[in-house]
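# Fold and contact review
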Amino acid sequence: MKILAIFIAKIILFVTRITHLGGGTTLPGLVATKIDKNVIKKISERLKYGVVIITGTNGKTTTAKILTEILTEEGFSVLTNPSGSNLARGIASSLVGAATLSGSVEADIAVFEVDEATMSEVTTQLRPKIVLVTNLFRDQLDRYGELDKTAAIIGKSLTGFSEMTTILNADDPLVSSLSDYVEGRIIYYGLEDTEISTDSTAAMDSKDCMFCGHELEYESRYLGHLGRWKCPNCRRIRTKPHIWVSEISLEPLKSSYSLKLRREELKIEMPLPGLYNIYNALAAATIATLIGVGAPAISHALRSCEAAFGRMELIEVSGKKIMMLLVKNPTGANQALAAIFSDNKAKKIGFYLNDNFADGTDISWIWDVDFEYFDLAKTKFVASGNRAEDIALRLKYAQVDKNYLHSEKDIMIATEKLAELLDEGEIGYLLPTYTAMVEVRSHFVSKDDQLCDMGKVTKHGI
Amino acid sequence: MSYKIKLYHLYPDAMNLYGDLGNVIALSKRCQWRNIEFEKVDVKIGDKIDFADADMIFMGGGQDRGQKIVSNDLLKRKNEIQNLVESGAPALTICGGFQLFGKYFKTQKGDEITGIEVFDAVTIAGDKRLIGNVVVDISVATSKWVQKFKYEMIEKPQTTLVGFENHSGLTTLGPNCEPLGTVVKGYGNKGDGGYEGGWYKNALGTYLHGSLLPKNPWLTDHLIEMALMYRYGSPIPLDKLDDKLEILAHKAAVERAKTAKTLSL
């Protein structure tokens, strides 16, 4: 059955890739699991270093990408799942794609990003060595209901694996509370930097204690509800992280910080901006350290890492350069705006809001984006996407002058308009939701570049 | 003469889901654009605050966690809030706020969380989440408001409200609470596509997030007018604003509600 499952899935994978029918990201896995429901488990058992799973609201894709770069630097052959296919079927497709007919795998280790809702199915089948939870924010809540329910779903998926190491973000009180579900070893990561703090109260998605419901207190708050928290009532308190980052300095297109591993302390200058990317890098470094990767590979990979597919990408439109930053929820949007405005200069920004299933069908989160926190005077906006009217209205209520606000539902025309607004040599910014990002890429990124997001085995030297 | 209204925002931290803050932004901006001073008082758990100077109350939705603590605190303010509503001050309550302004909320475990009985309504936790775009016909309620106040609203009340619902609680209205409207598209109070929301005097309850007020500007203005009437004792005419974008967004959302898929978990 296993051979049949892999064989048929491989044929489908081949056909779908040749014909470009959905890129072969989910169908082969779906079919393989239909033929042999244990196919994922059987193949993953053959991986020398096992399976690493990254879940949580924000940063899954970029963390997985940075980790893959570190592991590749160290000489590992890494199997990943393509972003956007982080449901069980997509993972099955990646595994059968990398498996030989006898069921052995060409890779040493698998790094999978997994959607919160499918965690229990995936942990049961894959029996991962390491699971990391990045953070829990409101994202696509229309899919999962309330945030506490999402936490409970992840929590239950962590129960029953005493051999598994769970890595939790110490700064996120809701993620930290998952420790109650864990039976094996727990490692914490977080920021140890009292200089970084925000007074924006936006995206405080989990501001009350999970155990007693009392409002949490913060010694310093880094972003949203992430920070050095404690409950004044039941006295729960943030765990001091095992691996941490301090001495953070942020600029519009890069960041620098000090990374404290178990023994070494590394000074890193990284070509990714924003505190959220420092969290991603720290998460990846924490996993790599646990796997046994040395400081030189971590340091080298972080100094040259790139953001994941569409998360941050420089595109060229009519000879002008536009930096595209994916936004999915208020936290991400606030962080993108913080990076864009870190030099306090007026900008030209496109905000493209789609409400398709992959974006989350509830767009009310735009009212939780703290536009009011930034000085938007003189910044020009282009509102687009199938909910262009909604984002235009949000910007109106953030006091964007109507002469500085263009609304154009068609994403291609809107992007050309944004390019037209730019002066010679000026960089524009584009904040699209997921399906809007995919549409922008389909118009303005060449076909060759689009193919590189397929699930693949990354080998050293390639 | 320059006018002013004072909004008391109940539990801005604990009760703010799905962009409910957008309602406060809408109220604040539409006052500011008319040179009406808008003051907001945040009421948090345990705060010693007296409501004597309040002209309007707002309470958003919250997660199930903390609902009990919010309820305990809210009950201490029950008389003050009831008196305000009885004497005509407007209130807007969304989702969890709507539920706690009713008589009680019965959780899935069977616990009863007591409400402050502004609305003759009871809510019982359902077993699926009702999620999606909503269009509500509220022509019955608005025509009653117009008759009742006999005042000229600057804009004719629209007959539709548009928003986004995400709840599992099922609310049944008693005889002393009228439905805000009937569902054109969506699930509504009981998940049956029947009634949506409720109103008593000038207090409104609804399941509509979205945010509700920005895309339904005439309702924002109605609340501002009611607050001014409450504060100054007579109708104060509002300046007309350019609502082109609001109307476009309202219409687009109505269109989208017709085409977008809804789901329930």
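Residues numbered from 1 in each chain as written. Chains lettered and ligands numbered in written order. Predicted model: local features only at pLDDT ≥ 70, side-chain atom pairs only at ≥ 80, totals over all residues. Heavy atoms only, no water.

Helices and strands together make up the secondary structure of chain B, namely 8 helices and 13 strands. Here the C-alpha atoms of chain B give a radius of gyration of 17 Å, agreeing with the 18 Å that 2.2 N^0.38 yields for 265 residues. Principal-axis analysis of the C-alpha atoms gives chain B an extent of 55 × 45 × 30 Å. In chain B, 76% of the contacts between residues at least 6 apart in sequence involve partners at least 24 apart. When the accessible surface of chain B is totalled, it reaches about 10300 Å², and 51% of it is carbon and sulfur. A gap of 3 Å separates the mean positions of the 33 positive and 32 negative side-chain charges of chain B. (Helix = DSSP H or I, 4+ residues; strand = E, 2+ residues; numbered from the N terminus. Rg over C-alpha atoms; globule rule 2.2 N^0.38 Å. Contact = heavy atoms within 4.5 Å. Areas by Shrake-Rupley, 256 points an atom, 1.4 Å probe, with all protein chains shown as cover. Lys, Arg positive; Asp, Glu negative; His and termini not counted. Charge placed at Lys NZ, Arg CZ, Asp CG, Glu CD.)

Residue and element names in this part refer to chain A. Taken across its 5 residues, strand 8 (residues 226-230) has 4 buried, putting it largely inside the fold. Where strand 7 (residues 217-223) meets strand 8, 5 bridges bridge the pair, whose relative direction is antiparallel. Bridge pairing in strand 8 links E217 to K230. What sits between the antiparallel neighbours strand 7 and strand 8 is a turn of 2 residues, in which G224 has the positive phi angle 50°. (Buried < 20%, exposed > 50% of the residue type's maximum accessible area, 1.4 Å probe, protein only. Pairing = 2+ DSSP bridges.)

The subject of this paragraph is the sheet that holds strand 2 (residues 37-43) of chain B. Residues and elements named next belong to chain B. If you walk across this open sheet you meet the 6 strands as 2-1-3-4-12-11, and the pairing is mixed. The outermost strands of the open sheet, each flanked by one partner alone, are strand 2 and strand 11 (198-200). On average, each strand axis in the sheet is inclined to that of its neighbour by 15°, with strand direction left out of account. In terms of strand pairing, strand 1 (residues 4-10) meets strand 2 through 7 bridges, oriented parallel. Opposite K4, over in strand 2, you have E37 as the bridge partner. Each of strand 1, strand 3 (56-59), strand 4 (91-94) and strand 12 (203-206) touches helix 7 (residues 217-232); the most contacted strand, strand 1, lies at about 110° to it. (Axes fitted to C-alpha atoms, helices over the stretch in contact; angles between N-to-C directions.)

Facing 39 residues of chain B, the contacting portion of chain A comprises 44 residues. Between chain B and chain A lies a buried interface of about 3500 Å² when both sides are counted; carbon and sulfur atoms form 50% of it. Our count for the chain B to chain A interface comes out at 4 salt bridges. Between B:E246 and A:K396 there is a salt bridge, and its shortest N-O distance comes to 2.9 Å. (Buried area = accessible area lost by both parts, 1.4 Å probe. Salt bridge = Lys/Arg side-chain N within 4 Å of Asp/Glu carboxyl O.)

Residues A:Y257, A:L259, A:I298, B:L10, B:I81 and B:F101 are the most contacted members of the largest nonpolar core, which totals 151 residues. Considering every element that reaches this core, the biggest residue donor is helix 10 (residues 275-291) of chain A, with 12 residues. Residues lining this core come from more than one domain, with at least three contributed by each of domain 1 (2-309) and domain 2 (312-445) of chain A. Apart from residues lying up to four places away in sequence, A:I298 is in contact with A:I70, A:L259, A:L261, A:L266, A:A285, A:A288, A:T289 and A:V293. Counting 38 residues, the second-largest nonpolar core is a separate cluster that includes A:I40, A:F112, A:L147 and A:L178. (Core = buried A, V, L, I, M, F, W, Y, C linked by side-chain atoms within 4.5 Å. Domains from an automatic or database assignment.)

Residues and elements named next belong to chain A. If you walk across this open sheet you meet the 6 strands as 12-13-17-14-15-16, and the pairing is mixed. Of all strands in the sheet, those bounded by a partner on one side alone are strand 12 (312-317) and strand 16 (405-407). Direction aside, neighbouring strands of the sheet carry axes that sit 25° apart on average. With 6 bridges connecting them, strand 12 and strand 13 (residues 320-325) associate as antiparallel partners.

Quick look at the packing of aromatic side chains now. Taken as a whole and assessed by the stated rule, the structure comprises 13 aromatic pairs over all chains. Considering the side-chain rings of A:F341 and A:F374, the 5.8 Å spacing of their centres and the 25° angle between planes classify their relative orientation as stacked. Here A:F341 is found in the loop between helix 12 (330-340) and strand 14 (348-352), whereas its partner A:F374 is found in the loop between strand 14 and strand 15 (380-384), with 33 residues between them in sequence. With centroids separated by 5.7 Å and ring planes inclined at 85°, the aromatic side chains of B:W145 and B:W199 adopt a geometry described as edge-to-face. (Phe/Tyr/Trp six-rings, centres within 6.5 Å; stacked < 30°, edge-to-face > 60°.)

What follows covers the environment of B:L130. Residue position: B:L130 is located in strand 7 (residues 121-137). Once residues within four sequence positions are removed from consideration, B:L130 is found in contact with B:E165, B:N166, B:H167, B:L170, B:Y187, B:G188 and B:G191.

We now examine the environment of A:R235. Summarising the element assignment, A:R235 is placed in the loop between strand 8 and strand 9 (243-250). Among the residues examined, A:R235 registers a relative accessible area of 68% and is labelled exposed.

Residues and elements named next belong to chain B. With 12 residues, helix 1 (residues 21-32) extends 17 Å from end C-alpha to end C-alpha; this agrees with the ideal 16 Å at 1.5 Å per step. Within helix 1, 10 of the 12 residues are buried, which leaves the element mostly enclosed by the surrounding structure. Turning to helix 1, its buried residues number three or more, namely G22, N23, V24, I25, A26, L27, S28, K29, R30 and C31. (Expected span 1.5 Å × (residues − 1).)

Residue and element names in this part refer to chain A. Inspection of the secondary structure assignment puts N280 in helix 10. Assessed through its relative accessible area of 6%, N280 is described here as buried. When sequence neighbours within four positions are dropped, the list of residues in contact with N280 reads G59, T62, T63 and I66.

Residues and elements named next belong to chain A. Taken as a whole, chain A shows an average pLDDT of 84; of its residues, 82% reach a score of 70 or greater. Confidence, expressed as mean pLDDT per element, reaches its minimum in chain A at strand 18 (residues 457-458) with 46 and its maximum at strand 15 with 98. Here residues 450-462 is modelled with pLDDT under 50, and outside its nearest four sequence neighbours on either side it reaches 33 contacts, counting other chains as well. (pLDDT = per-residue confidence, 0-100.)

A few words on the pattern of salt bridges. The full count for this structure, using the stated rule, is 42 salt bridges over all chains. The residue B:K6 makes a salt bridge to B:D53 at a minimum N-O spacing of 2.8 Å. Within this pair, whereas B:K6 is found in strand 1, its partner B:D53 is found in the loop between strand 2 and strand 3, the two being separated by 47 residues in sequence. Take B:K6: its relative accessible area is 12%, and that puts it in the buried class. Among the ionic contacts, a cluster of salt bridges with common partners joins A:D171, A:E192, A:E219, A:R228, A:R238 and A:K240.

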